[in-house]
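# Architecture and fold: a report
Now for the letters of each chain:
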Amino acid sequence: MTQPNRGGEYDVAIVGGGLVGSALAWGLARSGQRVVVLDEGDIAVRPSRGNFALVWVQGKGLGMPEYAGWTKQSSDDWAGFAGLLRDQTGIDVAFRRPGGFMPALSEEDLQARANAMMRLHNQPDMIRYPYEVMDRETLRRELPVIGPEVVGGTYCPLDGHCNSLRLLRTLHTGIGLLGVDYRPNHRVERIERRDGGFRLATAGGEIGAGKVVLAAGHDSARLAPMVGLSAPVRPQRGHIIVTEKTAPFLHHPTGYVRQTDEGGVMIGDSFEEAGFDTTLQPGVSSAIAARAIRMFPLLGRLNVVRSWAALRVLTPDGFPIYEQSATAPGAFVVTCHSGVTLAANHALTLAPLIAAGDLGDRFKVFSARRFHVPQAA
Amino acid sequence: MSGQATRFDFDIAVIGAGPAGLAAAALAAGRGASVVLLDEQAEPGGQIYRAVTETPVRDRKVLGPDYWHGAELLGPLRDSGAVHWPGSVVWSVARPREDGPRKDGADGPRRIQIGLSRNGVAALLTVRHVIMATGALERPFPIPGWTLPGVLGAGAAQVLLKTSGLVPSGATVMAGSGPLLWLLAWQYLQAGARIDAILDTTPRENWRAALPLLPGFLRSPYLGKGMKLMLEVRRKLTVIGNVTGLRAQGDGVLKSVTYSRNGVEQRLPADTLLLHQGVVPNLNLANATGCAQRWDEVQRCWRPTTDDWGATSVEGVALAGDGAGIGGARAAEEAGRLAALDALHRLGRIDRTQRDEAAAPFRAALDRALTGRAFLDTLYRPAEPFRVPADDTIVCRCEEITAGAVREAVRLGCSGPNQAKSFLRCGMGPCQGRLCGPTVTEVIAAERGVSPAEVGYYRLRPPVKPITLAELAALPKTEADIDAVLKH
Amino acid sequence: MFRRLPEVAGDAIPFTIDGRPASARAGDSVAAALLANGVTTCRNTPVSGAPRGPYCMMGVCFDCLVTIDGTGNRQGCQVRVAPGMAVETQDGKREVER
Ligand SMILES: Cc1cc2nc3c(=O)[nH]c(=O)nc-3n(C[C@H](O)[C@H](O)[C@H](O)COP(=O)(O)OP(=O)(O)OC[C@H]3O[C@@H](n4cnc5c(N)ncnc54)[C@H](O)[C@@H]3O)c2cc1C
Ligand code: FES
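Now for a look at the structure at hand. (Residues numbered from 1 in each chain as written. Chains lettered and ligands numbered in written order. Predicted model: local features only at pLDDT ≥ 70, side-chain atom pairs only at ≥ 80, totals over all residues. Heavy atoms only, no water.)

With that out of the way, let us pick up the interface of chain B and chain A. Tallying the contact residues gives 43 residues for chain B and 49 residues for chain A. A combined buried area of about 3900 Å² lies between chain B and chain A, and 60% of that area is made up of carbon and sulfur atoms. Sorting the residues of chain B by area buried against chain A places Phe 423, Leu 469 and Val 485 of chain B first, and these three jointly supply 18% of that buried surface. Close ionic contact of Glu 262 of chain A with Arg 425 of chain B constitutes a salt bridge, the shortest N to O distance being 3.0 Å. For the interface between chain B and chain A, the tally reads 18 residue pairs in polar contact (both at pLDDT 80 or more). Where the side of chain B that touches chain A is concerned, the elements lending two or more residues are strand E4 (88-94), helix H16 (417-424), strand E23 (467-468), helix H19 (469-473) and helix H20 (479-486) of chain B. When grouped by side-chain class, the residues that make up the side of chain B that touches chain A number 24 nonpolar, 11 polar and eight charged. (Contact = heavy atoms within 4.5 Å. Buried area = accessible area lost by both parts, 1.4 Å probe. Salt bridge = Lys/Arg side-chain N within 4 Å of Asp/Glu carboxyl O. Polar contact = N/O pair within 3.5 Å; in protein donor to acceptor, adjacent residues only side chain to side chain. Helix = DSSP H or I, 4+ residues; strand = E, 2+ residues; numbered from the N terminus. Nonpolar A, V, L, I, M, F, W, Y, C, P; charged D, E, K, R; others polar.)

Listed below in structure tokens is the structure:
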């Protein structure tokens, strides 16, 4: 239900209209909040436009089992989420969960993956989920197109993918239908707490709201301290390559290669510490291409039609930050790497909690305070 | 002049072997720089002088004297010592990561890496300076039915004539505006080809706007030739003026063209429809290299920002010819020479005074060649409905996205083409926005009620032309490149 | 529909279109050769299945895509016809193996 209008026109101002911000906006508006989304313009560092579109569970959460559980929950809720979006907008975001593979090109690699999965599942409080370590022959029955160098791989039935660009558009269509005010060209410069609410100075004028949610990707690092929060995120560059549309031949996503519903083959990705530079490096693209061909030799003949480098939003440990400000209650920060995977959670689970004004104990583990604990000698 | 087997290091790479590139390469190599001239076509000449060395059209009067001028650029190139690699598709121009400020303390230009593909093999060239002479593209002409087989660009028809001696044989309609349309009609007349009608879409009000610029045009070298040619076409062919609407129709293949004129629609049977409404800079490579560009309100197109010498915002990268803004073949040639002189200066081969002195005659010739341009640009500025089409018209041919879908994206909050691209996929197909970019910008601008300059253009990335994954995979890689991919 | 100007000389080059024998002239691109042989439609699009033929003849529109000697999605206007070349029109998306 609509809350008393304390700070100005809106109940909630969301900073950032990428996947995280628009999923939250969709969820908040469904919870009855009057929402404004403040976004940058056409040119922006926006990984929501450059990601790999996996809804991926396998391997995540080593070091933080709660993250593994959170990820699994989103994967489980994703089909329902996609259904809600389709019912509302008529658009199919092409979510499929056929199970995903991580092919390995050497025995060491396969062993390392198997060990990591084992350690992951041996963590206390881990919510276990099924996975398999496959030898070459077993893998080949599932993925007949693997090349001779593939020695085996890991498989998890919870892994899937979607059309993430269409997801972004669908969320924007959805929030429009829910009456959310989406404002491009409103980069937020400053946030102040005033009269029990927040005033946001933007490139397009001042906005007032009772609550503020920082979902500004990289820029949350700058904005968070203005409301007593912290978001120590850094950019990590990832190159991605896409081929021309091809008749369906790869029926499962893998961690490196997947075929989209439209037919193009997406090939990823790299991990580079290069600041905000998104210049493509031919050598890096080449290394990505070479690995993909070793895994799936018949990709070699396909034409590359596009490639780009996008910037992951990474915290020091790679896990998300979900937190309400202690000194400025009503201010929240939401930042994560896997905004596609976690979209269902953000829309269906997190948004109602933000609407209610309390994240509860479950999210304490995701507080940025974990980065400030002095290291024991 | 053909490529020695494997040399991968040059002072200067010239990309594009049209008039600008031919002149630039010849001048720079003639003065001692090592120059490689790259072009995806099998023969030098670019678009205007396409197949000038080997055209099967032997009757010289068909293609006209301006065409044959192209042959004069080839001798100097041959004598200059420039290395010419035809059939080379350049898909990337970038500075290698490890090339920071020079460590040896010497000054002089840093290195630039060129990704090219030749005979199905990709390679990286290292150069100190790049002159892009990438020329022009036909401006998109989005009308209902323009994707039907049988509808081609007039420029395409001209390529068919020059390279293969092919002319349309069934019912043929030409439509649009601009000098090239008249030139092609004239060439067809000389060749005895059939043209049923020319539908002239030049807006009546353009004449009014252009009139004040007429004195400039009267001094232009185009005047005599252009007028004579247009008059001859008008005398001998059916020219229908003031056409304000066009539709190509047919069930799977073109059957007829419907046009409106003074509010009345008429239909012409047609097997071939040749469309043309001017040309725009081919800026994909410059854009993907990071060169700044600006909106040109008179020519209504984007053009990379350049200084008097063609230098772009990216150090070591210059542009010459129509790729930097439409000026025509003769202007392109002179611009190529100016860019070459500046390159020699930047490479330390000539000093500033030598450069400026050598440039003087070229600059004068450039000014002469550009005289009267403003008149042509204004007169042949395409009418709004042909640049900003109605909802049902496809604007992105690759992904089959209509103008209506673009408008809907704007209503969802897309303020520019990049967000529209991710929402709709317009510009994501193999042509990489070449045939929809100008239209998408203008449709968004009109819908938002702001100028195209504010709306912006696609941000492009290499490869600007498709290469196979295997080609990409075979490129040299550094340790760091491999680590970035495998260490995870 | 296109026809060759009568004065045009040059060697005839035999090739095939979808298995049928056809003739081109030295210097023709594949796209030009198709047009000269009365083939205006070279493919159906992968998006809607709409028919397309060469539009720009200068390598920018990618509407002239055909399968050449077993390799799909090649730009017909950028490849010269060679004797014995097998040119195939395309239907929808390319197959990964060709
Ligand atoms: C190479 C790569 C591969 C990936 N693959 C996957 C994958 O397979 N699966 C998966 O789940 N995730 C993947 N991701 C991550 C996913 O893309 C991100 O999690 C998601 O895009 C994050 O969404 P966002 O809204 O935080 O960020 P963004 O998309 O960055 O959106 C932030 C928005 O905030 C706006 N903004 C910034 N500052 C301001 C300001 N001051 N005022 C107003 N607006 C502002 C920006 O313009 C932008 O619109 C990948 C990312 C990369 C880089
Ligand atoms: S006809 Fe346009 S690319 Fe070949």
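After presenting the structure, the write-up continues.
All names here are of chain B. Residue position: Lys 162 is located in helix H5 (residues 154-164). For the buried Lys 162, which has no salt bridge, the nearest side chain bearing the opposite charge is Asp 66, at an N-O separation of 10 Å. At 3.2 Å, the side chain of Lys 162 and the backbone oxygen of Gln 47 are in polar contact. (Buried < 20%, exposed > 50% of the residue type's maximum accessible area, 1.4 Å probe, protein only. Lys, Arg positive; Asp, Glu negative; His and termini not counted.)

Let us now look at the pattern of salt bridges. Oppositely charged side chains are able to pair whenever their charged atoms sit close together. With the rule as written, the count across this model stands at 58 salt bridges over all chains. Between Arg 222 of chain A and Asp 219 of chain A there is a salt bridge, with its nearest N and O atoms 2.9 Å apart. The exposure class assigned to Arg 222 of chain A is partly exposed, which follows from its relative accessible area of 32%. Where Arg 349 of chain B meets Asp 11 of chain B, a salt bridge forms, and the shortest distance between an N and an O atom there is 3.4 Å. Of the two residues, Arg 349 of chain B is situated in the loop between helix H11 (329-346) and helix H12 (352-370) and Asp 11 of chain B in strand E1 (residues 9-15); the sequence distance between them amounts to 338 residues. Through salt bridges with shared partners, a single network forms among Arg 166, Lys 245, Asp 261 and Glu 262 of chain A together with Glu 399 and Arg 425 of chain B.

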